Protein chains: 2
Amino acid sequence: MSAVEVTDIGALMSEIGQKARLGARALAIASPEQKRTALLTAAGALNAHRKKILQANALDMEAARTKGISGAFLDRLELTDKRIDGIIEAVRTIADLPDPVGTVISEWDRPNGLHIERVRTPLGVIGVIFESRPNVTADAGALCIKSGNAVILRGGSDSFHSSTAIVDCLLDGLHLAGLPVGCVQLVPTTDREAVGEMLKGLGGTIDVIVPRGGKSLVARVQSEARVPVFAHLEGLVHVYIDRSADLEKAVTVTLNAKMRRTGICGAAETLLVHQDVVATHLKPIVEALIAKGCEIRGDAQVQALIADAKPATEQDWRTEYEDAIISVKVVESLEAAIAHIEHYSSHHTEAIIAEDAAAVEKFFNEIDSAILVHNASTQFADGGEFGFGGEIGIATGKMHARGPVGVEQLTSFKYRVRGNGQLRP
Amino acid sequence: MSAVEVTDIGALMSEIGQKARLGARALAIASPEQKRTALLTAAGALNAHRKKILQANALDMEAARTKGISGAFLDRLELTDKRIDGIIEAVRTIADLPDPVGTVISEWDRPNGLHIERVRTPLGVIGVIFESRPNVTADAGALCIKSGNAVILRGGSDSFHSSTAIVDCLLDGLHLAGLPVGCVQLVPTTDREAVGEMLKGLGGTIDVIVPRGGKSLVARVQSEARVPVFAHLEGLVHVYIDRSADLEKAVTVTLNAKMRRTGICGAAETLLVHQDVVATHLKPIVEALIAKGCEIRGDAQVQALIADAKPATEQDWRTEYEDAIISVKVVESLEAAIAHIEHYSSHHTEAIIAEDAAAVEKFFNEIDSAILVHNASTQFADGGEFGFGGEIGIATGKMHARGPVGVEQLTSFKYRVRGNGQLRP
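Residues numbered from 1 in each chain as written. Chains lettered and ligands numbered in written order. Predicted model: local features only at pLDDT ≥ 70, side-chain atom pairs only at ≥ 80, totals over all residues. Heavy atoms only, no water.

Asks: Describe the packing of aromatic side chains, listing the residues and the values that go with them.
Replies: With the rule as written, the count across this model stands at 14 aromatic pairs over all chains. Ring geometry for A:Y415 and B:F386: centres 5.1 Å apart, planes at 85 degrees, overall edge-to-face. Highlighted residues: A:Y415 in strand β16 (residues 411-422) and B:F386 in helix α15 (residues 383-386), drawn from two different chains. Residue classification places A:Y415 among the buried positions, given a relative accessible area of 0%. For B:F386, a relative accessible area of 1% gives the class buried. Taken together through their ring pairs, the aromatic side chains of A:W108, A:F413, A:Y415, B:F386 and B:F388 make up a single cluster. (Phe/Tyr/Trp six-rings, centres within 6.5 Å; stacked < 30°, edge-to-face > 60°. Helix = DSSP H or I, 4+ residues; strand = E, 2+ residues; numbered from the N terminus. Buried < 20%, exposed > 50% of the residue type's maximum accessible area, 1.4 Å probe, protein only.)

Asks: Describe the pattern of salt bridges, with residues and values.
Replies: Residues and elements named next belong to chain A. What the rule picks out here adds up to 58 salt bridges over all chains. Two residues, E408 and R120, come together in a salt bridge whose shortest N-O distance is 3.2 Å. One end of the pair, E408, is in the loop between β15 (403-405) and β16; the other, R120, is in strand β2 (residues 115-122), with 288 residues separating them in the sequence. Members of the salt-bridge network, linked through shared partners, are E295, R297, K310 and D316. (Salt bridge = Lys/Arg side-chain N within 4 Å of Asp/Glu carboxyl O.)

Asks: Kindly report on the relation of the copies chain A and chain B, identifying the contributing residues and their values.
Replies: Taken as rigid bodies, chain A and chain B are interconverted by a rotation of 180 degrees and an axial shift of 0.0 Å, the fit giving an RMSD of 0.1 Å. In symmetry terms, the pair is related by a two-fold rotation axis. Residue A:H400, judged by its C-alpha, is the member of chain A lying nearest the rotation axis, at 2.0 Å. A share of 99% of the interface residues of chain A reappears at the interface of chain B, consistent with the copies meeting face to face through the same patch. (Least-squares fit on C-alpha atoms with pLDDT ≥ 70 in both. Contact = heavy atoms within 4.5 Å.)

Asks: Please set out the pairing of strand β12 (residues 349-353) of chain A residue by residue, giving values where relevant.
Replies: Moving residue by residue along a regular strand, the side chains alternate between the two faces of the sheet. Residue and element names in this part refer to chain A. With respect to burial, β12 is a largely interior element, five of its five residues being buried. The alternating pattern of β12 places T349, A351 and I353 and E350 and I352 on opposite faces, both of which are buried. When strand β7 (residues 237-241) meets β12, the two strands line up parallel, connected through four bridges. Note that in β12 the partner of I241 across the bridge is I353. Pairing analysis gives four bridges linking β12 to strand β13 (residues 371-376), with the strands arranged parallel. Bridged to A351 within β13 is V373. Between the parallel elements β12 and β13, the chain passes through helix α14 (residues 357-366) in a crossover that is right-handed. (Pairing = 2+ DSSP bridges. Right-handed = clockwise from strand over helix to strand, strands pointing away.)

Now the structure itself:
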């Protein structure tokens, strides 16, 4: 259960890549029942080996404390019985999702009698690089198995024992379902060179890299990866209060969007308020935020209205606080709100609070972010909340996957063309 | 109408990039009618300026002949009245395709009352790097306009005058529809440094690169591009004759797949024949190919049966001839055929000739190529033949686009979430 001392990282990673290819081949042609069995067995193993997982986690926690690691990090690292229940529940939910592989996405007939089907196929091998959150091990492993992809997991060194114990349970499931161990592999070294090898794609083996962690990890992966990456660097999320906004929705939705959890990527960072509702809406919204402990950084109009507001600088419109701070700006029109968002947004999630349907449609059409929300909290930007059963991450790129990345987004497609002797003229 | 002498390629390309972004923004919110008007007007202009286009092409042809350029290249470069008719027809067909932008791909309700829609959006800016085929200018320009993307076209230097004359007609269409010139730009220099700048993405401006041309161009683009690429390096296409194959279909389909046009990517390069039908099927198929002038390179069994067959070496199974040559191998089973294809294929297109439905399903399920064909010619691997109205290329990668790349594949998507005050618990 300890990280292996490896001298030749290149050889180790190359072997992992070869095993992953065999795993991917087996998973691509595995039956839906086989994959479901693997996952339900894994869920059972997670329950049966609960004590072993908690012991492994205790080792990680002790080592982290010895290193003097801080509160929030420790909190993410810690496993409890309740958290293991959550992990098991997630694996079971994923097991019971419809199997995406082989699904006919669309089909049509050609005038010459050819019948064409577009069907889902797995992507192949997914590389997941994550920081010390043991639950990512189970979520990513289960989503990849369900979508028919082999996965190479490279977790943070501080969660190594916890991740190993969880992967062992996934391997129990694969074994019982007759699937090879190459389907789910945890990189058995915490050497950073292993990450470098993964970013190069292991000789064409890795089809997609998914980084899960802080901005510095995502930035490194985005700049160094030679294979496609599903990720978001930041969630600079906006809430726009239109002149037609219902006051109560404006207050409650903004409060939830900002303060439910301030550290997640769907949390609001900037509030834009139409000038026509400054007198009626701005104060109650901002006062509700202040009452919950949120710091306000506003433009001149906001500062004039709200005694506690600090001045917002240009940098504030560009900042994802991930904290109980919000920047607030008055805009003269819907168009000005759209222009501000298109200029500053990270294209993750934006919300409009409005009763005017035309304003909503304009906002929905003209803003190019992965998720646009009308009269609801931006914190719904989540695979589980979308009904995907889980997510391996949220993507803000435009290629292939966008928004929450669930099992469907982990697939590609191929065409099946059925004929009866057609020749091309 | 001459290529500009440019000293600062970096500054030129940066300016083109900025114009493209403005063009992309305008096209993203253009109405379907506006884009259709642009394309139908462009088709009219292509017809009206036919003489000017032919004159420009005559300049290109003359320069190419002076350089001593060869037959096939000259043939691709040449425009005739009939070829201009084809270009106009393609632009009209694309104009009348359903507009993909804003189409709801899927929608569903969540238990909390949120209604989620997944809708198509343009990708943004497409960079097309192509060799001297003037028709690519019109096809790529029209497909990008229809799908709401700005396009930066960098054509081969030998077709510069022809491409310029065609782009002028597209600009007429954009002008009449009230769309900015940044929507379609032809790089006004044939300096190769411009290609290098495009491959780097013009500072995050280019969302996808599409190379259209020979292997060396595609290989350069795939290895140097820092943005996603839609392409296929080669089409090492297989036809497998199952033991259940109908003899007549086996003969006619193989002949069409190999010999209709030998230089296109959907042309067959390797024929695999099940050992149980060697006695009945192999000879008639191969004799039909020989009668049409095809060279046969076979394994020992093929050489024993066919006097004219040359020996196939290991290299033959890896070679896309793009010529009237085919490699032929006898396989002992369907499984052996699948294993050969998975080992040697470029994952473009493969066909099975069979009457046994179970064999077809196994072939369709287990082979991971973009297009799988049953009892029909592999030369149907084409956007037009698929009913896409046209194609900007064919992709063999698994990310985003696969197979023929038409207007739908030139789009991304975003989520629209409609609520009435929902807060996340």
